Amino acid sequence: AITTVLCLIIAYPFAYFMARSPAHKRPALLMLVMMPFWTSFLLRVYAWKGILADQGVLNQLFMALGLAQEPVLMLYTNVSMLVGMTYVYLPFMVLPLYASMEKLDFRLVEAGYDLYANRFQVLRRIIIPLVKPGIVAGCILVFIPSLGAYVIPRVLGGGKNMMLGNLIDLQFGQGRNWPLGSALSITLMIIVTLALLVYVRNTSKGGGHGHV
């Protein structure tokens, strides 16, 4: 859930910037979003392991700038897991938001300002309702894989911070507790199904605004 919120906060302004950019610049910006998919998922996760390690890039930079006298513990923490998951799943939030915002009639935004609405009112009463299908789609596309994440918690969390995917693996592997592993797997499937039902319900209600 925290990964989904972070992705939404980061992706929203970038998708808005892309949608407001000149048409000839949008393909290049879209390519920047798609570029991470050209490299291996596992390679990108291990790259963050090198960045966040005690002798990694960030710690060396902090010590060179005098911001830290000794390495800051970042790897194998909840923070490292959140950083890795937010980075990996961010494009899945940007793309649906951009698809919705590209169809947005920005004359409505200008009309809101002409009627003396402030930025928050324009965002809450004009932009968010019109791009709601993109927001819901992006949240679902991030939330579902984050819920069952296994590789990122394993590599960046070191197996210390247990998430549902790792817990299921533990029950079927070392724990040899197949009934509990099966129950957890069914629970995961139920949560994913409920999330998909929320998406279908919201997109059907927002049919007048278009689908992502």
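Residues numbered from 1 in each chain as written. Predicted model: local features only at pLDDT ≥ 70, side-chain atom pairs only at ≥ 80, totals over all residues. Heavy atoms only, no water.

Draft legend 1. Region of the structure containing the overall build of the protein. A tally of helices and strands in the protein yields 11 helices and zero strands. Counting helices and strands in the order they occur from the N terminus, the protein gives α-α-α-α-α-α-α-α-α-α-α. The principal-axis extent of the C-alpha atoms belonging to the protein is close to 60 × 50 × 30 Å. Per-residue burial for the protein yields a buried fraction of 35% across its 212 residues. (Helix = DSSP H or I, 4+ residues; strand = E, 2+ residues; numbered from the N terminus. Buried < 20%, exposed > 50% of the residue type's maximum accessible area, 1.4 Å probe, protein only.)

Draft legend 2. Here's a closer look at the confidence of the model for the protein. Within the protein, residue pLDDT values average 85, and 95% of them lie at 70 or more. Least confident of the elements in the protein is helix α10 (residues 164-172), whose mean pLDDT is 83; most confident is helix α1 (residues 2-20), at 92. Low pLDDT (under 50) marks residues 208-212, which in the prediction has 14 contacts with non-local residues, meaning those over four places away or in another chain. (pLDDT = per-residue confidence, 0-100. Contact = heavy atoms within 4.5 Å.)

Draft legend 3. Here's a closer look at the layout of surface pockets. In this model, the largest pocket occupies a volume close to 210 Å³. Lining of the largest pocket is provided by Ala1, Ile2, Thr3, Asn78, Met81, Leu82, Met85, Phe143, Ser146, Leu147 and Met163. Mapped by element, the contributors of at least two residues to the lining of the largest pocket are α1, α5 (78-102) and α8 (132-147). Ranked by residues supplied to the lining of the largest pocket, first place goes to α5 with four residues. A per-class count over the lining of the largest pocket returns eight nonpolar, three polar and no charged. There is about 160 Å³ of room inside the second largest pocket. Forming the walls of the second largest pocket are Ile10, Ala11, Phe14, Leu32, Val33, Pro36, Tyr87, Leu90, Pro91 and Val94. The element best represented in the lining of the second largest pocket is α5, accounting for four residues. When the residues that make up the lining of the second largest pocket are grouped by side-chain class, the tally is 10 nonpolar, no polar and no charged. (1 Å grid on protein atoms, 1.4 Å probe; cavity = no way out; pocket = protein on both sides within 12 Å on 5 of 7 lines; lining within 4 Å. Points joined across faces, edges and corners; volume = space filled by probe spheres on them. Nonpolar A, V, L, I, M, F, W, Y, C, P; charged D, E, K, R; others polar.)

Draft legend 4. Looking closely at the environment of Phe172. Position of Phe172 relative to the elements: it lies in helix α10. On the basis of relative accessible area, Phe172 is assigned to the partly exposed category, the value being 31%. Measuring from C-alpha to C-alpha, the distance between Phe172 and Ser182 comes to 8.4 Å, with 10 residues separating the pair along the chain. Not counting the four nearest positions on each side in its chain, Phe172 is found in contact with Trp178, Gly181, Ser182 and Ser185.

Draft legend 5. Just the environment of Leu147, in detail. With respect to the helices and strands, Leu147 occurs in helix α8. The class for Leu147 is buried, based on a relative accessible area of 18%. Taking the C-alpha atoms as reference, Leu147 lies 7.5 Å from Gly165; in sequence the two are 18 residues apart. Other than its neighbours up to four places away in sequence, Leu147 contacts Leu164, Gly165, Leu188, Ile191 and Val192.

Draft legend 6. Geometry of α5. In a regular helix each residue adds 1.5 Å, so 25 residues correspond to 36 Å; α5 covers 35 Å between its end C-alpha atoms and thus fits that length. Remark: the principal bend of α5, roughly 45°, maps to Tyr89, with a proline, Pro91, within the next four residues. (Expected span 1.5 Å × (residues − 1). Bend = angle between axes of the 7 residues up to and from the residue.)

Draft legend 7. Summary view of the packing of aromatic side chains. Counted according to the given criterion, the structure contains five aromatic pairs. Ring centres of Tyr16 and Phe106 lie 5.7 Å apart, and the angle between their planes is 80°; this geometry places the pair in the edge-to-face category. One end of the pair, Tyr16, is in helix α1; the other, Phe106, is in helix α6 (residues 106-114), with 90 residues separating them in the sequence. Classification of Phe106 as buried rests on a relative accessible area of 13%. (Phe/Tyr/Trp six-rings, centres within 6.5 Å; stacked < 30°, edge-to-face > 60°.)

Draft legend 8. Highlighting the pattern of salt bridges. Taken as a whole, this structure holds two salt bridges when the rule is applied. With a closest N to O distance of 3.8 Å, Glu102 and Arg26 form a salt bridge. On the criterion of sequence distance, the pair formed by Glu102 in helix α5 and Arg26 in helix α2 (residues 26-34) is long-range, its members being 76 residues apart. In this structure, Arg107 and Asp105 form a salt bridge, with 3.0 Å as the shortest nitrogen-oxygen distance. (Salt bridge = Lys/Arg side-chain N within 4 Å of Asp/Glu carboxyl O.)

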